[in-house]
Amino acid sequence: MTKLAVVGATGLVGEKVLEVLDRKKVPFDELVMFSSPRSAGKEIQFQGKTYIVEALTEEKTDGQFDYVIMSAGGSTSEKFAPLFEQHGAIVIDNSSQWRMHDEIDLVVPEVNQPTLNRKIIANPNCSTIQSVVPLKTLLDQYGLKRVAYTTYQAVSGSGLAGRNDLSNGEKGEAPTNYPHPIYNNVLPHIDVFLEDGYTKEEQKMIDETRKILEQPNLNVTATCVRVPVQDSHSVHINVTLDKETTVDELKALFKADERVVLVDNVENNEYPLAINSTGKDEVFVGRIRKDDSLDNTFHIWCTADNLLKGASLNAVQVLEQVMKLNN
Ligand code: 2RA
């Protein structure tokens, strides 16, 4: 008897989690959907049944759950994930709350396995998830010396409000979620600024890349940018390898690697595009070029659906991974 909880079931990512659970026919015997008190009572149709979303309370964490997927923000996860864990559940959390805790696994199933030191597993940041998949391929084959990211992140990464700001902007209305208009604009500002001038989003990519790839001394830097795109993040990865190789070798490597989809035929204007990634599970790489300004350095363009592989799909893949470990 497998009992599953989805916390944040009425949110943008939570809705996608349900969609992926259904599409992948993840096996469970009982499902409970939780939300904040504000959204409690909402009816959700799922696999032919009507579910009434319940307000999450401390008492309800003692519901004999085997697995919990949380997409409800850091403060909710800080309070409730340990309670679910104490009552025996394995918790997969989409917030940034637990990611950098030493004893907590930070998992991208194509890259690493959970140790389950704790029964809380953190889902990485969306722009990190899509980037470490091709980087793992390069790490295993050539070793990594340095990574410089520039991201072009969709507004859905900031939730429904981001989408509203994009559509409001089209109507010429002032933004609610961003410090400046996002419509017809590009904002080098995601999350809050830190004392060193980096943003929290940029620091997340740096710290999480090192943790997931188990490369604590890897030289990583990042510039994270919000662009007026509804869904799917694009990331420019400038990567320096430990060993020599060629563009053709890299293309052959990615073409043969089932963890990514190579889209790289510039003669035909074929390269990864956000609009072609939306709704898809895969991580797309292309526009692979040599960077002659540094030895063994290459440019890679990477896209993925930030709500799927960047969040809900990765969380469900982690669930499938731990279900396998438990059987
Ligand atoms: C964003 N990665 O895109 C952050 C959180 N989802 O806003």
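Residues numbered from 1 in each chain as written. Predicted model: local features only at pLDDT ≥ 70, side-chain atom pairs only at ≥ 80, totals over all residues. Heavy atoms only, no water.

The name recorded for the chain in an unreviewed UniProt entry is Aspartate-semialdehyde dehydrogenase, from Mammaliicoccus stepanovicii. The Subunit (unreviewed entry) field of the UniProt record for the chain holds the comment "Homodimer." The chain has a UniProt comment under Function (unreviewed entry) that states "Catalyzes the NADPH-dependent formation of L-aspartate-semialdehyde (L-ASA) by the reductive dephosphorylation of L-aspartyl-4-phosphate." (UniProt positions renumbered as here; feature names shortened; annotations may be inferred.)

Below, the discussion takes up the domain arrangement of the chain. Annotation of the chain at the domain level lists domain 1 (3-124 + 311-326) and domain 2 (128-306). The distance between the C-alpha centroids of domain 1 and domain 2 comes to 26 Å. The interface of domain 1 with domain 2 comprises 18 residues on the first partner and 17 residues on the second. Summing the contributions of domain 1 and of domain 2, the shared interface buries around 1600 Å²; its carbon and sulfur component is 65%. Sorting the residues of domain 1 by area buried against domain 2 places Leu12, Glu110 and Val111 first, and these three jointly supply 36% of that buried surface. Summed over the shared surface of domain 1 and domain 2, the result is two salt bridges. A salt bridge links arginine 99 to glutamate 208, with the nearest nitrogen and oxygen atoms 3.1 Å apart. Summed over the shared surface of domain 1 and domain 2, the number is seven residue pairs in polar contact (both at pLDDT 80 or more). At the level of elements, α1 (12-23) and α8 (308-326) are the ones that each hand at least two residues to the side of domain 1 that touches domain 2. The biggest single contributor to the side of domain 1 that touches domain 2 is α8, with three residues. (Domains from an automatic or database assignment. Contact = heavy atoms within 4.5 Å. Buried area = accessible area lost by both parts, 1.4 Å probe. Salt bridge = Lys/Arg side-chain N within 4 Å of Asp/Glu carboxyl O. Polar contact = N/O pair within 3.5 Å; in protein donor to acceptor, adjacent residues only side chain to side chain. Helix = DSSP H or I, 4+ residues; strand = E, 2+ residues; numbered from the N terminus.)

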